[in-house]
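Overview (structure and organization)
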Amino acid sequence: MIQIAPDYSVSLVGSPDRKFLWLLSRTPTLDRTTQEHYLAQARLQGFDLTELIQTPHTGHPTA
């Protein structure tokens with residue numbers, strides 16, 4: 001784990017070889033400022049984000 005929000009709503013997880021990276025959120029959408037903050041942390045850790053795939057999520061969050 002690279003970084004996690006204090007309330008566990010967002011976490012940034014990456015593989016030690018820096019080939020895989022996941023930005024996980026408890027909600028289907030993540031505001032741009034929060035997303036950029038976490039991706040900046042990934043860059044600082046040496047992850048190449050040029051091939052980052054952003055998966056669109058649909059549906060409703062579960063309670």
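Look up a bit, the structure's there.
Here is what the cut-offs are and how they apply
- Residues numbered from 1 in each chain as written.
- Predicted model: local features only at pLDDT ≥ 70, side-chain atom pairs only at ≥ 80, totals over all residues.
- Heavy atoms only, no water.
- Pairing = 2+ DSSP bridges.
- Helix = DSSP H or I, 4+ residues; strand = E, 2+ residues; numbered from the N terminus.
- Polar contact = N/O pair within 3.5 Å; in protein donor to acceptor, adjacent residues only side chain to side chain.
- Buried < 20%, exposed > 50% of the residue type's maximum accessible area, 1.4 Å probe, protein only.
- Contact = heavy atoms within 4.5 Å.
- Patch = residues over 30% accessible without salt bridge, like charges linked within 9 Å, V, L, I, M, F, W, Y side chains within 5 Å.
- Areas by Shrake-Rupley, 256 points an atom, 1.4 Å probe, with all protein chains shown as cover.
- Salt bridge = Lys/Arg side-chain N within 4 Å of Asp/Glu carboxyl O.

**So, the pairing of strand 2 (residues 10-14)**
- Two elements, strand 1 (residues 3-4) and strand 2, share two bridges in a ladder whose sense is antiparallel. Bridge pairing in strand 2 links isoleucine 4 to serine 11.
- Connecting strand 1 to the antiparallel partner strand 2 that follows it, the hairpin turn spans five residues, and tyrosine 8 within it adopts a positive phi of roughly 60°.
- Strand direction decides the pairing type here: strand 2 and strand 3 (residues 21-25), joined by five bridges, are antiparallel. Of the residues in strand 3, the one forming a bridge with glycine 14 is leucine 21.
- Between the antiparallel neighbours strand 2 and strand 3 lie six residues, among them arginine 18 with a positive phi of about 60°.

**Some thoughts on the side chain of serine 15**
- Tracing the backbone through its elements, the reader meets serine 15 in the loop between strand 2 and strand 3.
- In terms of polar contacts, serine 15 uses its side chain to reach the backbone amide nitrogen of lysine 19, at 3.3 Å.

**Section: the environment of glycine 46**
- Position of glycine 46 among the secondary structure elements: in the segment after helix 1 (32-44).
- A relative accessible area of 47% places glycine 46 in the partly exposed class.
- A sequence separation of 28 residues divides glycine 46 from arginine 18, and the C-alpha atoms of the two residues are 7.0 Å apart.

**Here's the deal with the environment of valine 13**
- Inspection of the secondary structure assignment puts valine 13 in strand 2.
- Relative accessible area serves as the criterion here: at 23%, valine 13 is assigned to the partly exposed category.
- C-alpha separation for the pair valine 13 and glutamate 36, spaced 23 residues apart in sequence, amounts to 15 Å.
- Those residues in contact with valine 13, other than ones at most four positions away along the chain, are Met1, Ile2, Phe20, Leu21, Trp22 and Leu24.

**Some thoughts on the sheet that holds strand 3**
- The strand order across the open sheet built from three strands is 1-2-3, with neighbouring strands paired in antiparallel fashion. Unpaired on one side and paired on the other, strand 1 and strand 3 mark the two borders of the sheet.

**A word on a nonpolar patch on the surface**
- A cluster of nonpolar side chains, namely Met1, Ile4 and Tyr8, defines an oily patch on the protein surface of about 350 Å² accessible area.
- The topology assignment puts tyrosine 8 in the loop between strand 1 and strand 2.

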